[in-house]
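Commentary on secondary and tertiary structure
Below are the chains, spelled out letter by letter.
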Amino acid sequence: MILYGIPNCDTVQKAIKWFKANHVDFEFHDFKKEGISLKKLKEWDKKAGYEKFLNKKSSTWKDVPDEVKESITSAEQAFPLILEKTSIIKRPVIEDGKFLFFGFDEQVYKKQFLK
């Protein structure tokens, strides 16, 4: 299982703490240090739709000029921005085989990982 995020994000820290407390092994992928590939974004888009992981509530999104925001109407238009500003991705991203989830939800985590 891979947990994608940035280490100083409160929600990512909450997820890491939850996984460790519940003895769920994971690999951490740091967006800031390792970035994210276009191939991975396309894979997530195919599974969930880019709208699920383009975090329009983030401070990063709020700093994007309005004309850029308004121009994003498809994954192809969103990907360059996401690749440039990885902190605009909703965090954490949890990827475990076919399971893909964006954000922290203890009930979802329990159902998926505490079987």
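Presented here is an overview of the structure given in this document. One numbering rule holds for all chains: residues counted from 1, following each sequence as written. Note on the predicted model: pLDDT of at least 70 is required for a residue's local features to be given, and 80 or more for side-chain atom pairs to be given and counted; whole-chain, interface and lining totals, by contrast, use all residues. Where side-chain values are given, they derive from all heavy atoms of the structure, hydrogens and water being excluded.

Some words on the packing of helix α3 (residues 38-48) against helix α7 (residues 75-84)
Whenever a helix is involved, its axis is fitted only over the stretch in contact; in every case the axis is a line through C-alpha atoms, and angles between N-to-C directions fall within 0 to 180 degrees. Each helix is a run of DSSP H or I of at least 4 residues and each strand a run of E of at least 2, with the numbering of both proceeding from the N terminus. It is at 11 Å that the axes of α3 and α7 come closest, and there the two elements cross at 135°. Classified by the angle between their axes, α3 and α7 sit oblique to one another. As for how α3 packs across α7, the hand of that crossing is right-handed. Contacts between α3 and α7 involve Leu38, Leu41, Lys42 and Asp45 from the first element and Ala75, Phe79, Ile82 and Leu83 from the second. Should an angle fall under 35 degrees it is taken as roughly parallel, and over 145 as roughly antiparallel, whereas 65 to 115 is taken as roughly perpendicular and any remaining angle as oblique. The handedness criterion is simple: a crossing whose near helix is rotated anticlockwise from the far helix by less than a right angle is left-handed, and one whose near helix is rotated clockwise is right-handed. Should any heavy atoms of two residues lie within 4.5 Å, those residues are counted as being in contact.

Some points on α3
Within an α-helix, residues lying three or four positions from one another point in the same direction, as the helix has 3.6 residues per turn. Three labels apply to residues, based on accessible area from a 1.4 Å probe with only protein chains included: buried if under 20% of the type maximum, exposed if over 50%, partly exposed otherwise in between. Every buried residue belonging to α3 is among Lys40, Leu41 and Trp44, and all of these are buried. Mapping the buried residues of α3 onto a view down its axis gives an arc of 100°, with all of them on the same face. α3 presents Lys39 and Lys46 as exposed residues on the side facing more than 90 degrees away from its buried surface. Buried residues in α3 make contact with β1 (2-5), α2 (31-34), α4 (50-53), α7, β3 (93-96) and β4 (99-102). This arc is built from the directions going out from the helix axis to the C-beta atoms.

Topic: the pairing of β1
Note on pairing: DSSP must find at least two bridges between two strands before they are called paired. In this structure, β1 lies alongside strand β2 (residues 27-30), joined through four bridges in parallel fashion. Across the sheet, the residue bridging to leucine 3 is phenylalanine 28, located in β2. Across three bridges, the pairing between β1 and β3 is antiparallel. When the sheet's bridge partners are listed, isoleucine 2 is paired in β3 with glutamate 95.

Focus on the pattern of salt bridges
Any carboxyl oxygen of Asp or Glu that lies within 4 Å of a side-chain nitrogen of Lys or Arg is treated as forming a salt bridge with it. Tallied over the entire structure, the rule returns six salt bridges. One salt bridge in this structure joins glutamate 84 and lysine 85, with 3.9 Å as the shortest N-O distance. The class of glutamate 84 is exposed, set by a relative accessible area of 61%. Lysine 110 serves as the salt-bridge partner of glutamate 106, at 3.9 Å between the closest nitrogen and oxygen.

Some words on the nonpolar core
We define a nonpolar core as any set of buried Ala, Val, Leu, Ile, Met, Phe, Trp, Tyr and Cys residues linked to one another through side-chain atoms lying within 4.5 Å. Core analysis: the largest hydrophobic core is formed by 35 residues, its most contacted members being Phe19, Trp44, Phe53, Ile82 and Ile89. Counting residues per element, the ones that place at least two in this core are β1, α1 (10-21), α3, α4, α7, β3, β4 and α8 (106-113). When sequence neighbours within four positions are dropped, the list of residues in contact with phenylalanine 19 reads Met1, Leu3, Val24, Phe26, Ile94, Tyr109 and Phe113.

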